[in-house]
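# Structural overview
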Amino acid sequence: MKKLRYLLIGLLLISAMTAFAVIPQKWVLINFSDFLSGKFEGISVTYDGVLSLSPKEEIFEGPDEEFYLSFLIDADGSSFLGTGHDGKVYKVTQNGKFELYFQVPEMDITCLALDRRGNLFAGSSPNGNIWKITEQGKGEVFFNPQEKYIWDLDFTQNGNLLAAVGEGGGIYEITQDGEGVLIFDVEENHILCMMWDEEKNLIAGSGGRGLLYRLTGGKKATVLYESPYEEIKSITLDEDGNIYAACGGKIVQPKPDKNTIVPSGAAADVTITVSAEAVSPVPAVLLGDNQPSSLYKVSPEGIAKTLWQSNEELIYSMLWNKQKRQLLFGTGKNGRIYAIEKNEKVSLINQRDSEQVYLLEPFGSKIYTLANNPASFLVLHPEQRFDGVYTSRIFDTKNISSWGKIDWKSEVPDGASLQIQTRSGNSKEPNQTWSEWSPPYSNIQGEQILSPKARFIQFKILFKALSGRATPRFYNATLFYLQTNVPPRVSGVELLPSNEVFLKPLSQDEIIWGQHISLSEKAKNSDKTKVYMAPKKVQRKGFQTVVWDAEDNNGDSLLFSIFIRNEENSKWRMLKESWTEKIFAFDTLSFPDGNYFIKIEAGDSPSNPLGMDLKSEKISRQLTIDNSLPVIKNLQIDRNKDSVTIRFLTEDASSFIKDVQFLIRPDEWRTIFPKDGICDSKIEEFEVTVPLPSKADNLITIKVKDSRDNVAVARQNF
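As a starting point, this report considers the structure included with it. Quantities reported herein were computed from a predicted structural model and do not represent experimental measurements.

Along the backbone of the chain there are three helices and 55 strands. Scored against the burial criterion, the 718 residues of the chain give a buried share of 51%. Counting contacts in the chain only where the partners sit at least 6 residues apart, residues at least 24 apart contribute 59% of the total.

As a further point, take the sheet that holds strand 45 (residues 583-587). The strand order across the open sheet built from three strands is 39-42-45, with neighbouring strands paired in antiparallel fashion. What marks the edges here is a single partner per strand, and that holds for strand 39 (489-495) and strand 45. Averaged over all adjacent pairs, the angle separating strand axes in this sheet is 25 degrees, with direction ignored. As judged from the five bridges shared by strand 42 (residues 543-551) and strand 45, these two strands associate in the antiparallel manner. Residue pairing across strands places Phe 543 opposite Asp 587, the latter belonging to strand 45.

Glancing now at the packing of aromatic side chains. For the coordinates displayed, the defined rule picks out 33 aromatic pairs. When the ring of Phe 35 is compared with that of Tyr 390, the centres are 5.7 Å apart and the planes differ by 75 degrees; the resulting orientation is edge-to-face. On the criterion of sequence distance, the pair formed by Phe 35 in helix 2 (residues 32-36) and Tyr 390 in strand 33 (residues 387-391) is long-range, its members being 355 residues apart. Each member of the pair, Phe 35 as well as Tyr 390, carries the same accessibility label: buried. Their ring planes at 90 degrees and their centres at 5.2 Å tell us that Phe 98 and Phe 377 sit as a pair that is edge-to-face. Here Phe 98 is found in strand 9 (residues 98-103), whereas its partner Phe 377 is found in strand 32 (residues 376-384), with 279 residues between them in sequence. The pair formed by Phe 98 and Phe 377 is uniform in burial state, with each residue classed as buried. Through a chain of ring-to-ring contacts, three or more aromatic side chains come together here, namely Trp 27, Phe 35, Phe 40, Tyr 390, Phe 395, Phe 459, Phe 474 and Tyr 481.

What follows concerns the side chain of Glu 601. Considering the arrangement of structural elements, one finds Glu 601 in strand 46 (residues 594-603). Apart from residues lying up to four places away in sequence, Glu 601 is in contact with Leu 559, Phe 560, Ser 561, Phe 563, Lys 615, Ser 616 and Glu 617.

A word on the sheet that holds strand 32. Across the sheet, four strands lie side by side as 5-32-31-30; this open sheet has antiparallel pairing. Looking at which strands have only one partner, the edges of the open sheet turn out to be strand 5 (55-60) and strand 30 (356-363). Neighbour to neighbour, the strand axes of the sheet diverge by 25 degrees on average, direction disregarded. In terms of strand pairing, strand 31 (residues 366-372) meets strand 32 through five bridges, oriented antiparallel. The residue bridging Tyr 368 from the neighbouring strand is Val 379, located in strand 32.

Attention now moves to the pattern of salt bridges. Scanning the entire structure with this criterion turns up 26 salt bridges. For Arg 209, the salt bridge identified is with Glu 226, shortest N-O distance 2.8 Å. Remark: Glu 226 occurs in strand 21 (residues 220-226) and Arg 209 occurs in the loop between strand 19 (202-207) and strand 20 (211-216); sequence separation between them is 17 residues. Judged by its relative accessible area of 39%, Glu 226 is partly exposed. Here Lys 398 makes a salt bridge to Asp 396, at a shortest N to O gap of 3.7 Å. On the basis of relative accessibility, which here comes to 41%, the residue Lys 398 falls in the partly exposed class. Three or more residues are tied together by salt bridges with common partners; here these are Asp 638, Arg 647, Lys 675, Glu 685 and Glu 687.

Moving on, we come to the nonpolar core. Grouped together as the largest cluster of nonpolar side chains are 44 residues, with contacts concentrated most on Leu 51, Tyr 390 and Phe 474. Counting residues per element, this core draws most heavily on strand 37 (residues 454-464), at five residues. Those residues within four positions of Tyr 390 in sequence are excluded, and the remaining contacts are Leu 29, Asp 34, Phe 35, Gly 38, Lys 39, Phe 40, Ile 43, Leu 51, Phe 459, Lys 460, Ile 461 and Phe 463. Grouped together as the second largest cluster of nonpolar side chains are 21 residues, Val 644, Val 660, Ile 672 and Leu 692 included.

Next up on the list: the environment of Phe 662. Structurally, Phe 662 can be placed in strand 51 (residues 657-663). The class for Phe 662 is buried, based on a relative accessible area of 4%. Between the C-alpha atom of Phe 662 and that of Val 704, which follows or precedes it by 42 residues, the distance is 8.8 Å. When residues no more than four places from it in sequence are discounted, the contact partners of Phe 662 are Ile 646, Glu 668, Trp 669, Arg 670, Ile 672, Val 690, Ile 700, Thr 701 and Ile 702.

This part covers empty space enclosed by the protein. Summed over all chains, the structure comprises one cavity of 30 Å³ or more. The space that makes up the largest cavity amounts to roughly 80 Å³. The wall of the largest cavity is formed by 14 residues, among which Ser 498, Thr 588, Ile 625, Asp 626 and Asn 627 lie closest to the centre. At the level of secondary structure, the elements contributing two or more residues to the lining of the largest cavity comprise strand 42 and strand 48 (623-625). Here the lining of the largest cavity gets three residues from one element, more than from any other, and that element is strand 48. A breakdown of the residues in the lining of the largest cavity according to their chemical character gives three nonpolar, eight polar and three charged.

Basis of the calculations
- Residues numbered from 1 in each chain as written.
- Predicted model: local features only at pLDDT ≥ 70, side-chain atom pairs only at ≥ 80, totals over all residues.
- Heavy atoms only, no water.
- Helix = DSSP H or I, 4+ residues; strand = E, 2+ residues; numbered from the N terminus.
- Buried < 20%, exposed > 50% of the residue type's maximum accessible area, 1.4 Å probe, protein only.
- Contact = heavy atoms within 4.5 Å.
- Pairing = 2+ DSSP bridges.
- Axes fitted to C-alpha atoms, helices over the stretch in contact; angles between N-to-C directions.
- Phe/Tyr/Trp six-rings, centres within 6.5 Å; stacked < 30°, edge-to-face > 60°.
- Salt bridge = Lys/Arg side-chain N within 4 Å of Asp/Glu carboxyl O.
- Core = buried A, V, L, I, M, F, W, Y, C linked by side-chain atoms within 4.5 Å.
- 1 Å grid on protein atoms, 1.4 Å probe; cavity = no way out; pocket = protein on both sides within 12 Å on 5 of 7 lines; lining within 4 Å.
- Points joined across faces, edges and corners; volume = space filled by probe spheres on them.
- Nonpolar A, V, L, I, M, F, W, Y, C, P; charged D, E, K, R; others polar.

Given below as structure tokens:
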């Protein structure tokens, strides 16, 4: 019964929804998010949804290593690549060749730094050593902080080396002689990144709890910003002193101030202690997909503003492009490089075949890029590519559909070209059963889609340009389709207990009193009904309520016909035609007692042309109609001194006896049981002796109720 009530409430509380229906439908791709769900090969998309050719890529054949984890390029163009899991450092020659420079007996080279004398320093993990490499093949351990991870390296103004470490968490300052001291101590597990600002303050991001620190003059520190994330993975700064913090990992809840010496915004001495949960100390490249991530812009005063966030893409690296005054950041799991422009709008610059864009390093007008899974090394140039392909997401029409036209808006300069093709199939992912790509469409005003009828469709756009300055620009696309009509489906036909009805809640619709509304419009409006009050259940003698559910894969509006049939007759009788609701109550008093069945027929005629509509039906369980009263027979009352003995027989033609009571005033109604101890059949025999109340009346009343709540009453003096 509880399930039935929930079904009824669910049927009444129908939210407004978009119906597909067997009328021409369309997909429109016009904004940034529409296009972002597709695949980009040499294509960029601006924040306002314009596709164009992306910056030119120069791909180098890097060493055959599992991961590329660190990169350094000096002012003279000398560059080094740190890898995992073989602990190798490669030097990159001017002609783009890689030669092994040094190898450590550890797995990963997580960071690199070059001093003024040309000595290369490499942070390694998982034994947490800092190596000093003076020339090819020659190097030794420079400092061992007794940590597992060296996450970042940088230099002070006087040439000392700074090392951000984990899993103890902190920053070491190491002299040129290899003597180190812990200058920044936190109970968090990791300091993951650090960077000097224009005021010579050191900015650092932590892991275990994503805090952004500022060390002033190397002597005092503040918590500049506390993020809601587990880690601040990367930081960068612009010319105005704003700090950009890439946060990721699980979202953590604020904790009470436990062992906290430095609250947000407060100054303190060199050593800082902040309590935090443990975090798994794994390189970011090994983290799984679908991690939440956010990018914050933090002012020098510590006021944070969210610029970008995702539940699926994790930021791995960032850089501030001074020439264009834009922020670039690389993400996984789709290998994308995004840009945030001056207006703080996000555009997609590039997408790689590798899953993660792990590191971005600027050099002049170029951007060196490390990507992983698989590992790749490339350079982005300021000029654009000469060709590219955008492939849309796969569109699901929910049914086999025929295709209409595809039209689009684009701008193609002289010497450039833009082509659109489609393909279709009946599997969620394209495979050998899909059609081949269609011939290119050329009519921008709209052209008939040539792909075969199917459930799924996809399109791609091919961009070509003769120069690196003029690119085709694609603004929007519209695809039309028509679903094949399928019959509706009726399910969940339920009968409420007899005499039980629901009072219809007030609707929020505004209806003009006296206005004629066609059946078709009523059916459409019933799909959009919003009811904000739960229905009230009441008893109404002689009524029977039936509720059902129905759906249509085309999203068509439905009309219902309700039929009734006696079990001894094969002919269905119409109760109601062209009904728009999924609940119907009727008066059973006009029907003879007996067993019946209810049939619900659903049709989609409001949404389809005449002759193309379809129907389906569902039959209920057996319904018993019983409006006849029980009969009380052979009532005998024998009075003793202080009691009476009651004897009678009660019988019902269609239903079992449910409840029997008697009344002798001034007492209340009292229940009595039959001789066999339980009311469970159409005939029950009673014999019971009951005490008489004080000042008892000499009239007894017997009340018998059957399972359909029909009541018989008999009275007798004694």
